[in-house]
Amino acid sequence: MDLPVAELIGVEKVYGSGDAEVRALDGLDLRVNQGDYLAVMGASGSGKSTAMNILGCLDRPSGGSYRLNGVPVETLSDDELADLRNRELGFVFQQFHLLPQLTALENVMLPMVYAGVPAGERHRRAQRALERVGLGQRLHNKPNQLSGGQQQRVAIARAIINEPALLLADEPTGALDSRTTDEVLGIFDELHRSGITVVIVTHEDDVAARAEQVVHFRDGRITG
């Protein structure tokens, strides 16, 4: 039987109250199994980004339960949540979120600093991760010395450096041209083939087509 890496059970997310109440998620059920490659689609305001934030432990549900590798996330303290996020999750965003004063190697090493990995091991693992995404010759370049596609490769290397149980990508090709988009998606394909569980939020049909499963959000629920 497939094992769930992430499972949302009856999850609700409500902002405001009374006449100003907004129900971003409305009894959402979503299960992501080990080894899945899942694309999440939906219009603006459909709830897909809210669901991604909860999956990424960046926000807490108002109701229901979220289990990440069997851990009920809603029971954790803020410190426990931060530790779980750093240990179990990897993130890739549209705007890269690299620190401009750091080299590619130093950016990739950051999550390992927070995880307490020794310096020598940080350097070795970061170099291997950058080589894996085709940037072995760009270790000491800063973000302003890299193209958009290269910066996103650094972000992907950083996301996988702690060998996360779940890789979350939020519009990862939104700032890239079509050729670079295809190159970056090829990296996601390879990561999935290697056994990494991937959830990618996108509004682009050609990006979603690379995934093995697609779910559509509408009004805080999955419609198909």
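Residues numbered from 1 in each chain as written. Predicted model: local features only at pLDDT ≥ 70, side-chain atom pairs only at ≥ 80, totals over all residues. Heavy atoms only, no water.

Participant: Go over the pairing of strand β6 (residues 89–93) with me, naming the residues and quoting the values.
Facilitator: With four of five residues buried, β6 lies mostly within the body of the structure. Where β6 lies against strand β7 (residues 166–170), five bridges are found, and the strand directions are parallel. When the bridges of β7 are listed, Phe91 appears paired with Leu168. (Buried < 20%, exposed > 50% of the residue type's maximum accessible area, 1.4 Å probe, protein only. Helix = DSSP H or I, 4+ residues; strand = E, 2+ residues; numbered from the N terminus. Pairing = 2+ DSSP bridges.)

Participant: How would you sum up the pattern of salt bridges? Please name residues and give values.
Facilitator: This model, assessed by the stated rule, comprises 13 salt bridges. A salt bridge links Glu21 to Arg23; its shortest N-O distance comes to 3.5 Å. A salt bridge links Asp83 to Arg87; the shortest N-O distance between them is 2.4 Å. Of this pair, Asp83 and Arg87 are both found in helix α2 (residues 78–88), four residues apart, which corresponds to roughly one turn of the helix. The class of Arg87 is partly exposed, set by a relative accessible area of 41%. A network of salt bridges, in which partner residues are shared, links Glu12, Glu21 and Arg23. (Salt bridge = Lys/Arg side-chain N within 4 Å of Asp/Glu carboxyl O.)

Participant: Describe the nonpolar core, listing the residues and the values that go with them.
Facilitator: Core analysis: the largest hydrophobic core is formed by 40 residues, its most contacted members being Val108, Leu130, Val154, Ile156, Leu167 and Phe188. Secondary structure elements with two or more residues in this core: β3 (37–42), α3 (104–115), α4 (119–132), α5 (148–160), β7, α6 (178–193), β8 (197–201) and α7 (205–208). Per element, the largest residue contribution to this core is six residues, and it comes from α5. For Ile156, the residues in contact, after removing those within four places along its chain, are Val92, Val133, Val184, Ile187, Phe188 and Leu191. Ranked by size, the runner-up nonpolar core spans 30 residues in total, among them Leu25, Leu28, Leu84 and Leu168. (Core = buried A, V, L, I, M, F, W, Y, C linked by side-chain atoms within 4.5 Å. Contact = heavy atoms within 4.5 Å.)

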